[in-house]
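Architecture and fold: a report
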Amino acid sequence: MNTFLLNGQHTNDIERAGEILRHGGLVAIPTETVYGLAANALDSTAVKKIFAAKGRPADNPLIVHVAEFSQIVPLVQEVPEAAKKLAEAFWPGPLTIILPKSELIPPETSGGLFTVAVRCPAHPVARAVIQAAGVPLAAPSANPSGRPSPTAFAHVKQDLTGKVDALLDGGDCRVGVESTVITLAAGKPRILRPGGVTPEELRTVLGEVEIDSAVLKSLEQGRVASSPGMKYKHYAPKADLTLVDASPEEYSNYVNQKCGSESGLKSCYALCFEEDTPLLTIPYLSFGSRYDSAEQAQRLFSSLYRLDALGVKKIYAHMPRKQGVGLAVYNRLIRAAGFSVVRPQKKMIVGLTGPSGAGKSTAAKLLEEAGLAVIDCDKLTRSPEVYTADCVAELQRAFGQDIAADGVLDRRLLAERAFADPDSKKRLEEIAFPYILTAVRQALENAFATGKQVAALDAPTLFESGLDSACARILVITAPFEERLERICKRDGIPEKAARQRFSAQHPEEFFGNRADWVVENRTGADLEAELALIIRELQEESGEIL
Ligand code: AMP
Ligand code: MG
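A brief report on the enclosed structure follows. Numbering of residues starts from 1 in every chain and runs along the sequence as written. Each chain gets a letter, beginning with A, and each ligand a number, beginning with 1, in the order they are written. It should be noted that, the model being predicted, local features are given only for residues of pLDDT at least 70 and side-chain atom pairs only at 80 or more, the latter also being counted only at that level, while totals for whole chains, interfaces and linings use all residues. By convention in this description, side-chain values take in all heavy atoms of the structure and omit both hydrogens and water.

Sheets are built from strands paired through backbone hydrogen bonds, the pairs being either parallel or antiparallel. In this description, strands pair whenever DSSP reports at least two bridges between them. Helix and strand definitions follow DSSP, with helices as H or I runs of at least four residues and strands as E runs of at least two, each counted in order from the N terminus. In space, the 11 strands of this open sheet follow the order β1-β8-β2-β3-β7-β4-β6-β5-β9-β10-β11, with mixed pairing throughout. Sheet topology places β1 (4-7) and β11 (210-211) at the edges, where each strand pairs with a single neighbour. Here strand β10 (residues 190-193) runs beside β11; their pairing, made up of two bridges, is parallel. Across the sheet, the residue bridging to Arg 190 is Glu 210, located in β11.

Time to look at the site of ligand 1. Close to ligand 1 lie 17 residues, the nearest being Asn 60, Thr 115, Arg 193, Ser 227 and Gly 229. Ser 141 is positioned such that a nitrogen or oxygen atom in its side chain is 3.3 Å from an oxygen atom of ligand 1. In the analysis that follows, any N or O atom pair within 3.5 Å is treated as a polar contact, provided that within protein one partner can donate a hydrogen and the other can accept it, and provided that, for residues neighboring in sequence, both atoms belong to side chains. One of the side-chain nitrogen or oxygen atoms of Ser 227 is found 2.8 Å away from a nitrogen atom of ligand 1. The Shrake-Rupley method, run with a 1.4 Å probe sphere, supplies the accessible areas, and residue values consider only the shown protein chains as cover. Across the complex, the protein chains shield 95% of the 500 Å² of accessible surface that ligand 1 would expose by itself. In this analysis, the protein atoms alone were mapped onto a 1 Å grid. Cavities are point sets where a 1.4 Å probe fits without being able to get out; pockets are open sets with protein on both sides within 12 Å along at least five of seven lines; lining residues have an atom within 4 Å of a point. Pocket occupancy is defined atom-wise: a molecule lies in a cavity or pocket when more than half of its atoms are within 2 Å of its grid points. Structurally, ligand 1 is housed in the second largest pocket. The set of elements that each furnish at least two residues to the shell around ligand 1 consists of β6 (115-119) and β10. At three residues, β6 tops the list of elements feeding residues into the shell around ligand 1. Being near a molecule or strand, for a residue, comes down to having at least one heavy atom within 4 Å of it.

This next bit is on the state of the cysteines. Disulfide assignment relies on a single distance test, namely cysteine sulfur atoms paired within 2.5 Å. Inspection of every chain in the model, using the stated rule, returns one disulfide. There is a disulfide in this structure between Cys 259 and Cys 268, and the S-S distance comes to 2.0 Å. Around the S-S axis, the bridge from Cys 259 to Cys 268 shows a dihedral of about -65° and counts as left-handed. Classification of Cys 268 by relative accessible area gives buried; the value is 1%. No disulfide involves Cys 272; its nearest neighbouring cysteine sulfur is the one of Cys 259, lying 11 Å away. Between buried and exposed lies partly exposed: a residue is buried under 20% and exposed over 50% of the maximum accessible area for its type, with that area taken using a 1.4 Å probe on protein chains only. For Cys 272, a relative accessible area of 0% gives the class buried. Not engaged in a disulfide, the cysteine Cys 471 finds its nearest cysteine sulfur in Cys 377; these two sulfurs lie 8.2 Å apart. A relative accessible area of 0% places Cys 471 in the buried class.

Right, here's the structure in full:
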């Protein structure tokens with residue numbers, strides 16, 4: 001088959017794509033999530049061609065794309081209030097809504113179900129093509145069934161040239177993972193597939209939203225899939241992929257050793273985070289910061305294509321966090337791995353941090369009472385263990401010999417000089433952090449030697465010190481700004497103005513929230529203990545401390 005290459009920036013090409021689609025042809029189109037393989041959703045012959053080109057099982061239904069909200073009206077039995085609210089909040093955008101279908105939708109499109117999945121994409125080229133076609137477009141991801149989804153035009157070309165009528169170039173996809181699929185057709189709103197719109201965002205509009213258990217785990221044996229796509233192998237690169245659940249330190253130790261010993265170094269790769277790269281001694285590909293789920297989503301599929309192109313045979317991917325869009329990244333990776341996850345270290349180190357006044361110390365106490373080893377990193381910072389002879393000598397070179405005139409560090413003099421200006425403070429941190437790290441490591445070793453399985457590093461400067469690199473999980477305690485302010489004024493006996501000034505020099509709440517596996521809001525009257533109990537249980541289960 002001759003495949004036309006079209007460009008989304010040219011009006012003529014969009015018209016041409018519309019015409020091909022109107023006449024029952026197949027065109028790969030860009031959307032903000034991933035590239036889609038489109039056909040007229042109301043034409044069963046055209047839709048069958050999609051299944052043939054992708055090798056997609058006939059019972060796996062297709063998402064129907066419209067250019068305007070009003071276009072879904074004839075496609076569904078009725079438009080419930082919840083669908084209107086969702087569309088208002090998230091359309092055009094990466095959200096697919098499942099509703100009972102009308103007679104217009106052929107069974108080929110809905111995979112024989114009585115429901116239909118509808119979405120209004122945000123990509124201007126996608127919407128222009130739907131308008132030009134004059135019909136709603138069924139469009140699954142433009143990849144052979146089971147393989148990673150294409151997010152770059154080059155990948156679409158590689159997969160579909162000769163198999164479809166035309167390919168429309170719209171550049172790289174912004175979101176990088178598929179749309180979130182939510183059903184409104186079966187009781188409470190339930191997420192069947194996480195994607196570009198997060199559960200938190202959906203909850204702000206709908207209140208309660210469930211997450212189907214198949215999002216995080218493989219479909220239990222014997223259970224009927226709520227979404228047929230849940231049954232099938234998905235997103236898999238050619239290489240064998242294992243997901244590694246570990247801190248950056250544990251991850252790099254593990255993969256350095258694994259890939260180092262596997263024959264043919266080049267065929268084994270780490271699919272890692274930016275923060276892992278200084279620790280890796282083997283070939284690697286980073287797909288973004290550990291703390292930037294949106295970046296990971298955007299780069300995940302193109303990274304898998306890249307590793308396939310390199311002929312890689314074995315991939316060790318670093319487990320992403322599950323917050324926000326991270327849930328979608330995790331969901332794709334765990335399927336790409338065929339649910340193969342390793343935890344190289346049974347022991348679990350969790351970072352405990354948050355803005356001042358949130359009640360981190362109260363949380364630390366509760367963790368300790370629950371049996372965790374808690375290491376107070378701030379206290380260690382002031383302890384004599386940190387100030388070894390080498391450390392003191394370095395400090396003297398930076399801040400003057402007289403800060404330890406008779407060999408004993410004069411901490412007041414040091415503080416006076418080191419906190420005089422931001423540059424001096426930075427210099428102090430550069431010198432002290434490595435020594436603090438050593439002391440923390442020793443404290444961890446001691447804690448684990450006593451038989452503890454879970455340790456918490458209580459550290460206000462968890463990220464600046466680099467201690468986050470030792471943490472497999474991060475727990476953030478926060479509280480409303482006004483309450484934190486009040487607590488600090490009371491605790492330190494300072495006026496509000498001084499407390500505000502102190503806060504303005506610190507990271508904002510989002511800084512912590514964006515890095516957390518869990519955020520616990522310690523509002524006045526909140527049951528901190530109960531909220532922490534759930535997290536503690538999860539940590540203890542994961543570390544094997546309780547079965
Ligand atoms: P893809 O087209 O590859 O992005 O995948 C679409 C996903 O939506 C698949 O997992 C389908 O199983 C799911 N889906 C589409 N229509 C329905 C429906 N009516 N009910 C449940 N899941 C659906
Ligand atoms: Mg797909």
